Each structure stands twice: as structure tokens, then as C-alpha cells.
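Spelled out, the chains give:
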Amino acid sequence: MSDYASVDGLVVELDGPILRIELDRPSKRNAIDDTMLQGLIDAVDRAGRDEAVRAIVLSGAGDHFCAGADIVARNAPSSGAAEDRPARPRVGSIQRRLPAAAHRLIPLLLEVQTPIVCRVQGWAAGIGFQVALAADFTVAADDATFWEPFTERGFTPDSGATWLLPRMVGVARARELLLLGRKLSGTEAADWGLVHRAVGVDQLTGSVAEVADQLASGPTVALGLTKWLLRSGPGAELDAQLQNEALALELSSRSKDFGEGLRAFGEKRPPEFTGR
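The model shown is predicted, which means the values in this text are computed figures rather than measured ones.

1. Side note on the overall build of the chain
A count of helical and extended segments in the chain gives 13 helices and 9 strands. Compactness check: the chain gives a C-alpha radius of gyration of 20 Å against a globular reference of 19 Å for 276 residues, within 12% of the reference. Sequence separation of at least 24 residues holds for 65% of the intrachain contacts in the chain that already meet a minimum separation of 6. Counting only carbon and sulfur atoms, one obtains 53% of the accessible surface of the chain, whose full area is about 14500 Å². Charge separation in the chain, taken as the distance between the mean sites of 30 positive and 37 negative side-chain charges, equals 4 Å.

2. So, the nonpolar core
Proteins that are soluble and globular tend to have nonpolar side chains buried together. Core analysis: the largest hydrophobic core is formed by 67 residues, its most contacted members being Ile21, Phe146 and Leu194. Counting residues per element, this core draws most heavily on helix α1 (residues 34-47), at 7 residues. Sequence-distant contacts of phenylalanine 146, defined by excluding residues within four places in its chain, comprise Val120, Ala124, Phe129, Ala132, Ala140, Arg182, Lys183, Leu184, Ser185, Gly186, Ala189 and Val195.

3. Thoughts on the pattern of salt bridges
Under the counting rule described, the total for this entry stands at 17 salt bridges. When the shortest N-O distance is used, the salt bridge between glutamate 260 and arginine 269 registers 2.7 Å. Using a relative accessible area of 9% as the deciding quantity, one classes glutamate 260 as buried.

4. Regarding the environment of aspartate 143
Within the secondary structure layout, aspartate 143 lies in the loop between β6 (137-141) and β7 (145-147). Considered as a pair, aspartate 143 and alanine 198 are 55 residues apart in the sequence and their alpha carbons are 8.5 Å apart.

5. Points about the environment of serine 185
Mapped onto the elements of the fold, serine 185 is located in strand β8 (residues 184-185). Counting along the chain gives 62 residues from serine 185 to tryptophan 123, while the straight-line C-alpha distance between them is 9.5 Å.

6. Details of the sheet that holds β6
Ordered in space as β1-β2-β3-β4-β6-β9, the 6 strands form an open sheet in which the pairing is mixed. Each of the sheet's edge strands pairs with one partner strand only, and the pair in question is β1 (10-15) and β9 (197-199). Across the sheet, the mean angle from the axis of one strand to that of its neighbour is 15°, orientation sign disregarded. Bridge count between β6 and β9: 3 bridges; the pairing is parallel. Paired with valine 139 across the two strands is arginine 197, which belongs to β9. Packing against the sheet, helix α10 (residues 201-216) makes contact with β2 (18-23), β3 (55-60), β4 (116-120), β6 and β9, and its axis sits at approximately 170° to β6.

7. Some points on the side chain of glutamine 130
Mapped onto the elements, glutamine 130 comes out in helix α5 (residues 127-134). For glutamine 130, a relative accessible area of 0% corresponds to the buried category. Here glycine 126 takes part through its backbone oxygen, which lies 2.8 Å from a polar atom of the side chain of glutamine 130. When neighbours within four sequence positions are excluded, glutamine 130 is seen to be in contact with Ile106, Glu148, Phe150, Asp158, Ser159, Gly160, Ala161 and Leu164.

8. What about the packing of helix α4 (residues 102-111) against α5?
Running from amino to carboxyl end, α4 crosses α5 at an angle of 20°, the nearest separation of the two axes being 9 Å. By the angle class used here, α4 and α5 are roughly parallel. Handedness of the crossing formed by α4 with α5: right-handed. Facing Ala102, Leu105, Ile106, Leu109 and Leu110 of α4, the residues of α5 in contact are Ile127, Gln130, Val131 and Ala134. Partitioning the contact of α4 with α5 into residue classes produces 8 nonpolar, 1 polar and no charged.

9. Quick word on the pairing of β1
Pairing analysis gives 6 bridges linking β1 to β2, with the strands arranged antiparallel. Bridging across to β2, glutamate 13 finds its partner in arginine 20. Between β1 and β2, which pair antiparallel in sequence order, lie 2 residues; one of them, glycine 16, sits at a positive phi of approximately 65°.

10. Here's the deal with the sheet that holds β8
In space, the 3 strands of this open sheet follow the order β5-β7-β8, with mixed pairing throughout. The open sheet has two edge strands, β5 (123-125) and β8, and neither has a second partner. Bridge count for β5 against β7 is 3 bridges, and the pairing is parallel. Across the sheet, alanine 124 pairs through a bridge with phenylalanine 146, a residue of β7. Together, β5 and β7 form the strand contacts of α5, whose direction differs from that of β5 by roughly 95°.

The rules behind the values
- Starting from 1, residues in each chain are numbered consecutively following that chain's sequence as written.
- Local features are withheld for residues below a pLDDT of 70 in this predicted model, meaning they are given only at 70 or higher, and side-chain atom pairs are given and counted only at 80 or more; totals for whole chains, interfaces and linings count all residues.
- As a rule here, side-chain values come from all non-hydrogen atoms in the structure, and water together with hydrogens is ignored.
- The numbering of helices and of strands both runs from the N terminus, where a helix is a DSSP run of H or I of at least 4 residues and a strand a run of E of at least 2.
- The globule rule used for comparison is 2.2 Å times the number of residues to the exponent 0.38, while the radius of gyration itself is calculated over C-alpha atoms.
- Any pair of residues with heavy atoms lying within 4.5 Å of one another is described as a contacting pair.
- What sets the accessible areas is the Shrake-Rupley method with a 1.4 Å probe; for residues, cover comes only from the shown protein chains.
- Positive charges come from Lys and Arg alone, negative charges from Asp and Glu alone, with His and the N- and C-terminal ends not counted.
- Working definition for charges: the position is that of NZ of Lys, CZ of Arg, CG of Asp or CD of Glu.
- Note on terminology: a nonpolar core comprises buried Ala, Val, Leu, Ile, Met, Phe, Trp, Tyr and Cys residues joined through side-chain atoms within 4.5 Å.
- Classification of residues uses two cut-offs on accessible area relative to the type maximum, computed with a 1.4 Å probe and protein chains only: under 20% is buried, over 50% is exposed, and between them is partly exposed.
- Salt-bridge detection follows one rule: a side-chain nitrogen of Lys or Arg within 4 Å of a carboxyl oxygen of Asp or Glu.
- At least two bridges found by DSSP between two strands are what make those strands a pair.
- Angles shown run from 0 to 180 degrees and are taken between the N-to-C directions of axes, each axis being a line fitted to C-alpha atoms and, for helices, limited to the stretch in contact.
- Any pair of nitrogen or oxygen atoms within 3.5 Å is treated as a polar contact; in protein, a donor-acceptor pairing is required on top of that, and neighbouring residues in sequence qualify only through side-chain atoms on both sides.
- Angular relationships are summarised with four words: roughly parallel below 35 degrees, roughly antiparallel beyond 145, roughly perpendicular across 65 to 115, and oblique for the angles in between.
- Should the near helix be turned counterclockwise from the far one by less than a right angle, the crossing is left-handed, whereas a clockwise turn marks it as right-handed.
- Any residue that is not Ala, Val, Leu, Ile, Met, Phe, Trp, Tyr, Cys, Pro, Asp, Glu, Lys or Arg is counted as polar, Gly included; the first ten are nonpolar and the last four charged.

Just geometry here; none of it tells us what the structure is for.
Encoded structure:
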């Protein structure tokens, strides 16, 4: 499953145990169009079933991570449109399209058991902001800008913003971001608990590599099941979550990495996990 394909605006490459996915439209601040979105969904979905992939790194080419969805391209007249056909998509197209597009991507990032590290520099707006929120670890440049542009553009939030933000920072701060359009620096986003860490731009690449390498060399089965437990916990009753923990422990304790962890503990050395 290791022959990953790039698409226009999206570079996908397997680098050892790490799948690297780069948004590659720097002239558009890496605004995501439909081709990029489908390529991103396909790559993450496939990585979740690929035994070779032990971590995913999401990044953006150039000076920015992602300026949001390319709504200009999405609402442009279709080529060869006749005079009797509307230039823009017909009413209801957004409601029909989102479940298979942005509203497929965000749950996938949350649910895939492969841990995800996101690298943010420059702008992370709209869906770019939500992708950073849905990643397991987001490392941002301290001068990055996180922004929900919806009210300034006259439309309502999408891509899970109204679900993610209240759970991560509370309703009051979510209102600031979504109703007042407050912009946050990378440092502020870290202080609010929206990202894992904010560092200087010159430290960004090394900090992302540090987290990704640790995840990619960790006990992959246990990491994936722990991610699942953290995702399921907030919506579960205690009894149900305890059953989930028992199931996860049963599975992880049958992995080769569990045996290696025990041996390493007994031999007083660092474990060498293989992801099995």
C-alpha cells in the first residue's frame, strides 16, 4: 500500500514510517480546492490501513499552512456553461457536497488511529484552522495566525469549527473566534490549549520532527488505541468507557511491542518498538 499518489496542489510521500502530506499551492497560501481535499482524504484514509505508516505529518509549502477553502474556485462558472444553465452551482450544492468533502476530512483526522502531527506557519484559517485542531499534535510558529474568517465573509462556520472549538477552549472563547473573528497568534493558540506547542520559526522544522519521530518509533498499536480512547471518552458513559479501555488493553497487551516494553523494563534499557 506504499505507492501513494500526489495530486495537483498536494504532495504525498512515504518517508520511512512517516507519511508526509504537504499542501502545495503557495501562490494561493495553500487554499484547499476540491482536488486537494479529495487527495487529502484518500491519503489519510489509506494511511490508516497501511501497516508501513506509523505517523502522519501535515504541512504547507511556502510561508503559510492553509488560508482555508478556495471558495472562489468552487463558485466559479463551469467551463462551457450554456446561457440557459446557471454559472454557479445550484442551490443546495454545499449541503450535498460537504458530507463527502470537508465534513468527511475532519472526522477522518480525529478517528484514524495513525497519530497526526501538523506543522503550522503563517496563516491557518477556516478549514486550515480546523485541520490543525483535529491533528493529534500541532506545532505552530509563534507568529503564525489562526483565524475563523466566516462572519467577516458573511457565511457560517463549517468543517467542524462549532464542534471542535467549544470542546477545546469553552463556549466563551469559541464565540470570540467565531462571532467576533478574533485572530490568534501561534503563542496565543498554545496558551489557549488549541495547539501542542508554539516555537520560533527557526525551531519549527526540528520541533515537528521531534514529535513525529517519537510517534513513528513508538508502540503503534497502543498509540492508535489510546487515540481512539481519547476520542471516544468525552461522549461515553463511564461504564462504556471502562469497557473500551478493557478492550484496548486486551488488544495492546497482545502486541509484540508490549512484550518488548516488558523486556526493556526488566533489562533497564530503552524499548525498541517495531509497531507490531
